[in-house]
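So the chains spell out like this:
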Amino acid sequence: MKIDIMTLFPGMINAVMRESIIGRAQDKGLVRVRAVNIRDWASDKHHKADDAPYGGGRGQVMLPEPLYRCHDALTRGEPVHTVLLSAQGAPFTQEKARQLLAKGRFILVCGHYEGIDQRFIDACVDEEISIGDFVLTGGEIPAMAVADAVCRMVPGVLPDEEAFTEESHWDGLLEHPHYTRPETWRGRAVPEVLLSGHHANIVRWRRKMSLLRTRRDRPDLYAAFRPRDKQDRKILAEIEQGT
Ligand SMILES: C[S@@+](CC[C@H](N)C(=O)[O-])C[C@H]1O[C@@H](n2cnc3c(N)ncnc32)[C@H](O)[C@@H]1O
C-alpha cells in the first residue's frame, strides 16, 4: 500500500505516521505513507503556496500551480486516485476505507487556511472526503485518519484479520465492551461469563452486547442491521422482549 500525502506541513504527518503500529508497518515495508511538501513545488524564491482570495474576504487560498506541479511529480502523468480532504466531502466510513485499500496506491491532498483553488480540484481530484461535520484548521489530521484506517487492513500490519473484522463498523455494528485484570476494580466486577471459559457462551454474550450497544448508541446503524444467522435472530428477539 502506497499513500502520498500532499501537505504544507509534512512534519505533522511524519510525527504521527512513523510511530506505533503504522510506523512499524512502514519499517517492515508493508505500507508506505509519504508526506510530500507542496511548498517544494512553488516557483518563487519564498516558496509561496497561498494567496488572498479573488473577490475579497478573509484568509488565504492555496495556489493551484504548486499543487499541480506537486501532483504531477507524484503521478508522472499516470492516473493515480486522488482524494481531497474537505469538510464538504462525503463522510468517511469503513466501507470507503475498504475501497481505498483496494486501490493499492492513492494520493491524499490536505487543504489549509480557507482551502484550495477550485481549479486544482476540478483538474486533479477524483473525490472529496470529510471526517465529520466540523471544520479543522487543515487536512492533515483527516488525512492521517484515512491513512491509518486503510493501512491497518493491509495484511501483516495487525496480527490477524480478526483484529479488524471483529471491530466496530466492520459489519455495521458497534463492538462489545472489553475487560482486563483485575477481576474486580474499585467495586466493579468483570461480567461472570467472561471468566467462565465457556467459549460459545462468551461469543454469544459479546454478540448480544454488540447489538445492545448499537441499539442504544447508534439507532441508525441498528435500524439498518440485518441478522447474519439463526443466533442473531434469537438474540434480536431477546433484545426486543427485554430479556
Ligand atoms: C479551515 S478548513 C477550510 C474550510 C472551508 N473554507 C469550508 O468552509 O469548507 C482548511 C482545510 O482543512 C481540511 N478540513 C477541515 N475540516 C475537515 C473535515 N471535517 N474533514 C476533512 N478535511 C477537513 C480541508 O482540507 C480544508 O481545506
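What you are looking at is a predicted structure, and each value in this text was computed from that prediction instead of being measured.

Visitor: I would appreciate a short explanation of helix α3 (residues 64-75) in the present structure.
Guide: Helical geometry note: an α-helix holds 3.6 residues per turn, so side chains three or four residues apart project in the same direction. Here α3 is 12 residues long and its end C-alpha atoms lie 16 Å apart, about the 16 Å a rise of 1.5 Å per residue gives. By the burial criterion, the buried members of α3 are Pro-66, Leu-67, Cys-70, His-71, Leu-74 and Thr-75. What you see down the axis of α3 is that its buried residues fit within an arc of 155 degrees, all on one side. As for α3, its buried residues are in contact with β1 (2-7), β2 (32-37), β4 (61-62), β5 (82-91), β6 (105-110) and α5 (118-124). Just downstream of α3 lies Arg-76, where phi reads positive at about 50 degrees.

Visitor: So what exactly am I meant to see when it comes to the packing of aromatic side chains here?
Guide: Aromatic ring pairs are defined here through the distance separating the ring centres and the angle between the ring planes. Enumeration according to the criterion identifies one aromatic pair in this entry. Here the guanidinium or amino end of Arg-98 rests over the ring plane of Trp-170, the centre of that ring lying 4.2 Å away.

Visitor: Is there a simple way to explain the domain arrangement of the protein in this structure?
Guide: Looking at the protein, the domain boundaries give domain 1 (2-151) and domain 2 (166-241). For domain 1 and domain 2, the distance between their C-alpha centroids amounts to 37 Å.

Visitor: Just to check I follow, could you spell out the sheet that holds β5 for this structure?
Guide: Think of a sheet as strands paired side by side through backbone hydrogen bonds, with each pair either parallel or antiparallel. If you walk across this open sheet you meet the five strands as β2-β1-β6-β5-β7, and the pairing is parallel. Strands with a single pairing partner mark the edges of an open sheet, and in this sheet they are β2 and β7 (127-130). Each adjacent strand pair in this sheet contributes to an overall mean axis angle of 35 degrees, direction not counted. For β1 and β6, the ladder comprises five bridges, and the chain directions are parallel. When the bridges of β6 are listed, Met-6 appears paired with Val-109.

Visitor: In this structure, what is going on with the site of the ligand? I would like to understand it.
Guide: The local shell around the ligand holds 20 residues, among which Leu-85, Gln-88, Gly-111, Glu-114 and Phe-134 are the closest. Contacts to the ligand include Ile-131, whose backbone N or O atom sits 3.1 Å from a nitrogen atom. One of the backbone N or O atoms of Leu-136 is found 3.0 Å from a nitrogen atom in the ligand. Contributions of two or more residues to the shell around the ligand are made by β5 and β7. Among the elements that line the shell around the ligand, the one with the most residues is β5, at four residues. Here the shell around the ligand is built from residues that sort into nine nonpolar, 10 polar and one charged.

Visitor: Can you walk me through a negative patch on the surface in this structure?
Guide: A surface patch of like charges, here negative, comprises Asp-160, Glu-161, Glu-162 and Glu-166. Within the fold, Glu-161 resides in the loop between α6 (140-151) and α7 (162-165). Assessed through its relative accessible area of 54%, Glu-161 is described here as exposed.

Visitor: Would you take a moment to explain the pairing of β6 for this structure?
Guide: Two faces, one strand: in a regular strand the side chains alternate between the faces of the sheet. Where burial is concerned, most of β6 is hidden: five out of the six residues are buried. As judged from the four bridges shared by β5 and β6, these two strands associate in the parallel manner. Its bridge partner lying in β6, Leu-85 is registered against Cys-110.

Quick notes on the rules
Residue numbers run consecutively from 1 along every chain, following the written order of its sequence. This being a predicted model, a pLDDT of at least 70 is required before a residue's local features are given, and a value of 80 or more before pairs of side-chain atoms are given or counted; all residues contribute to the totals for chains, interfaces and linings. Values reported for side chains reflect all heavy atoms of the structure, with hydrogen atoms and water molecules removed beforehand. Secondary structure elements are defined from DSSP: runs of H or I of at least 4 residues count as helices, runs of E of at least 2 residues count as strands, and each element is numbered from the N terminus. Multiplying 1.5 Å by the helix residue count minus one yields the expected span of that helix. For the exposure calls, accessible area comes from a 1.4 Å probe over protein chains only, and a residue counts as buried if that area is under 20% of its type's maximum, exposed if over 50%, partly exposed in between. Think of the arc as the fan of directions from the helix axis to the C-beta atoms. Whether two residues are in contact is decided by their heavy atoms: any pair within 4.5 Å suffices. Geometry of aromatic contacts follows a simple scheme: Phe, Tyr and Trp rings, the Trp one being its six-membered ring, pair when their centres are within 6.5 Å, and the pair is stacked under 30 degrees between planes, edge-to-face over 60, tilted otherwise. Think of it as a cone above the ring: NZ of Lys or CZ of Arg counts as a charge over the ring if it is within 6 Å of the ring centre and within 35 degrees of the ring normal. Each domain's extent was defined by an automatic or database domain assignment. In this analysis, strands are considered paired if DSSP registers two or more bridges between them. Lines are fitted to the C-alpha atoms to define the axes, a helix being fitted only along its stretch in contact, and any angle between axes, read from their N-to-C directions, falls within 0 to 180 degrees. If a single non-hydrogen atom of a residue is within 4 Å of a molecule or strand, that residue counts as near it. N or O atoms within 3.5 Å of each other form a polar contact, as long as, within protein, one can give a hydrogen and the other can take it, and as long as residues adjacent in sequence are counted only when both atoms are side-chain atoms. Only Asp, Glu, Lys and Arg are considered charged, only Ala, Val, Leu, Ile, Met, Phe, Trp, Tyr, Cys and Pro nonpolar, and every remaining residue, Gly among them, polar. Each patch is built from residues that are more than 30% exposed by relative accessible area and take part in no salt bridge. Like charges join if they lie within 9 Å; nonpolar side chains (Val, Leu, Ile, Met, Phe, Trp, Tyr) join within 5 Å. Using a 1.4 Å probe, the Shrake-Rupley method yields the accessible areas, and only the shown protein chains count as cover for residues. Any Lys or Arg side-chain nitrogen found within 4 Å of a carboxyl oxygen on Asp or Glu counts as a salt bridge. In this tally Asp and Glu are treated as negative and Lys and Arg as positive; neither His nor the chain ends contributes. Where a charge lies is defined by one atom per residue type: Lys uses NZ, Arg uses CZ, Asp uses CG and Glu uses CD.

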